[in-house]
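# Summary of the model geometry
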Amino acid sequence: MKRKYLYFLIMLSLIFSNSVAVAGVPYESYNYDYWEVVVPSPAPYVPEDSLSGSDLGVERLNQPSDIYITKGGEIYLVDTGNNRIIVFNDKWNVERIIDRFSNDGKSDTFNKPQGIFVNDRGNIYVADTENKRVVVLSPDLDLILCIDNPKSETFDENFSFTPLKVGVDYADRVYVVGKGVFEGIMSFTDKGEFHGYLGTIKVTIGITDIIWRSISTKAQRQRQQLYIPTEFTGLDLDESGFVYTTNVDIKSDETIKRLNPSGDDVLKRPEDKFVKGDLFFRPAGRRYTGPSQFIDIVVRDKGLYSAIDSQRGRIFTYDHEGNLLYIFGSIGSQVGTFKNPSAIEAIGDKIIVVDKERGELIIFKPTQYGDLINKAIGLRYDGEEEKAVEYWEKVLKLDANFELAYVGIGKSLLAKNKNKEALKYLKLGMDQKYYSIAYKRYRNEVLKSNLVYIMNGIFILVILYMGYKIYRKFKRRGKKINA
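Residues numbered from 1 in each chain as written. Predicted model: local features only at pLDDT ≥ 70, side-chain atom pairs only at ≥ 80, totals over all residues. Heavy atoms only, no water.

## Details of the overall build of the protein chain
Counting secondary structure elements, the protein chain contains 9 helices and 27 strands. Summarising the internal contacts of the protein chain: among those between residues at least 6 apart in sequence, 46% fall at separations of at least 24. With an accessible surface of roughly 25,600 Å², the protein chain has 51% of that area assigned to carbon and sulfur atoms. (Helix = DSSP H or I, 4+ residues; strand = E, 2+ residues; numbered from the N terminus. Contact = heavy atoms within 4.5 Å. Areas by Shrake-Rupley, 256 points an atom, 1.4 Å probe, with all protein chains shown as cover.)

What follows is the structure, encoded as structure tokens:
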């Protein structure tokens, strides 16, 4: 396919998807097909509510930066500009406001906190940014641990510990996104001792950069930008203790990672596909240009995870195999769009985004389309491919372009040994791996079912050939006698 023709199709798709947005949803919803062409889709999520400080019954929110929701449904909001943490119940009623805590018998306060995490015991971990520390508070707001001024031989002499986001695993290991920390996620023991870095980003230097560095003077090299990875921006943990992270390194295809305790990236990615947000974006010179820049990530149920792009306000959701499921959201001034998204969370099947500039929380609920996808993926995650078929069929009635639904149905048929039917769906789903499996099975099935006819045919051919050989032999012998 020629490049111009590809871009023409992309533009047509975007125009059509814009027409979908006008129908009542303040953003376009789309996906990418096997050929990485933009295809419009129904909106998977729609805005349900937009909550300001006054709506929540508290003083105006001032640059809120992070949000965390516990398993019990308590909602912790970091109101950065007001140096406080607001705790709500699952009905959005204020339970308490944390603006001070007990530190060795004395009252202590926050200074522009930006990150929060709450463990299963109710201990509160706060990235107290401008105080350059991580404080760990008991449910009664007594200081349990303070991580500040960490020491390591790996630190630069001018290193300043400035935590932005914080997360904690089942072993109380603390993970911190630090401002100006390019080596990776900072890892601390449960005692607050620095343990090392997690998930260092690989840096790729282009050939032109190498040539330039080789011919430039020492002064020019000193003025050049250092070849260091872009710092991490957000993190979340799943129930197994794996750390999901985001970064804004536009030269990397690893803008989302899933790190094991050893720091290895074990995120599943489809073959020849990327988990990096938009594959195409507006040309330079226009607003909101460039690749997606993920600012935060949330791990959801059944292997789902969603990341939010600060460039265009898009929310990208993937399944546990790295398949892109749906895209929604936008930068804008309408209700349901963002000015400066800073954090994303999930409560049940709903998604919450913190808009730092507006000082609001935007809540999204799934449409029928989004709900069907979520349920089908949940069943697939549990290995219930056959039960998921009912939902995949309903998805296809709403969106005939959803390739993963065809694959799901095809796999279910394959499990039932309905290989011929599976071929049709796996072809529509562009799944080469399972199509090859189905094709081999169907070929063997055809050969097996026709084996008697094939063997009889071979036997008849052998008899005919032998008869022909005997006939030729006697014919030659007759010619010799007549001679």
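Having seen the model, we can carry on.
## Quick look at the packing of aromatic side chains
Enumeration over the complete set of coordinates arrives at 23 aromatic pairs. With a centroid separation of 4.9 Å and an interplanar angle of 55°, the aromatic rings of Phe155 and Phe194 are classed as tilted. Placement of the pair is Phe155 in the loop between β13 (143-148) and β14 (163-168) and Phe194 in strand β17 (residues 194-198), with a sequence separation of 39 residues. Pair check on accessibility: Phe155 and Phe194 agree, each one buried. Taken together, the ring pairs in this structure connect Tyr27, Tyr45, Tyr326, Phe328, Phe338 and Phe364 into an aromatic cluster. Across from the ring centre of Tyr170, 5.7 Å away, lies the NZ or CZ of Arg173, which sits over that ring. In this arrangement the basic side chain of Lys273 is found over the ring face of Tyr34, its NZ or CZ atom lying 4.9 Å from the centre. (Phe/Tyr/Trp six-rings, centres within 6.5 Å; stacked < 30°, edge-to-face > 60°. Buried < 20%, exposed > 50% of the residue type's maximum accessible area, 1.4 Å probe, protein only. Lys NZ or Arg CZ within 6 Å of the ring centre and 35° of its normal.)

## Concerning the pattern of salt bridges
Scanning the model with the defined rule gives 21 salt bridges in all. As a salt-bridge pair, Arg84 and Asp79 come within 2.6 Å of each other at their nearest N and O atoms. According to the relative accessible area criterion, Arg84 is buried, its value standing at 7%. Among the salt bridges present, the one from Asp172 reaches Arg121, with a minimum N-O distance of 2.8 Å. Of this pair, Asp172 sits in the loop between β14 and β15 (174-178) while Arg121 sits in the loop between β10 (115-118) and β11 (124-128), and the two are 51 residues apart along the sequence. With relative accessibility at 16%, the residue Asp172 sits in the buried group. Each of Asp108, Asp128 and Arg133 takes part in one network of salt bridges that share partners. (Salt bridge = Lys/Arg side-chain N within 4 Å of Asp/Glu carboxyl O.)

## A short note on helix α6 (residues 403-415)
Its 13 residues give α6 an end-to-end C-alpha distance of 19 Å, which sits within 8% of 18 Å, the value for a rise of 1.5 Å per residue. Most of α6 is tucked away: 11 of the 13 residues are buried. Looking only at α6, the buried set comprises Leu404, Ala405, Tyr406, Val407, Gly408, Ile409, Gly410, Lys411, Ser412, Leu413 and Leu414. Residues of α6 that are buried sit in contact with β24 (324-328), α4 (368-381), α5 (385-398), α7 (419-428) and α8 (432-449). Looking one or two places after α6, you find Asn417, whose phi comes out positive at around 65°. (Expected span 1.5 Å × (residues − 1).)

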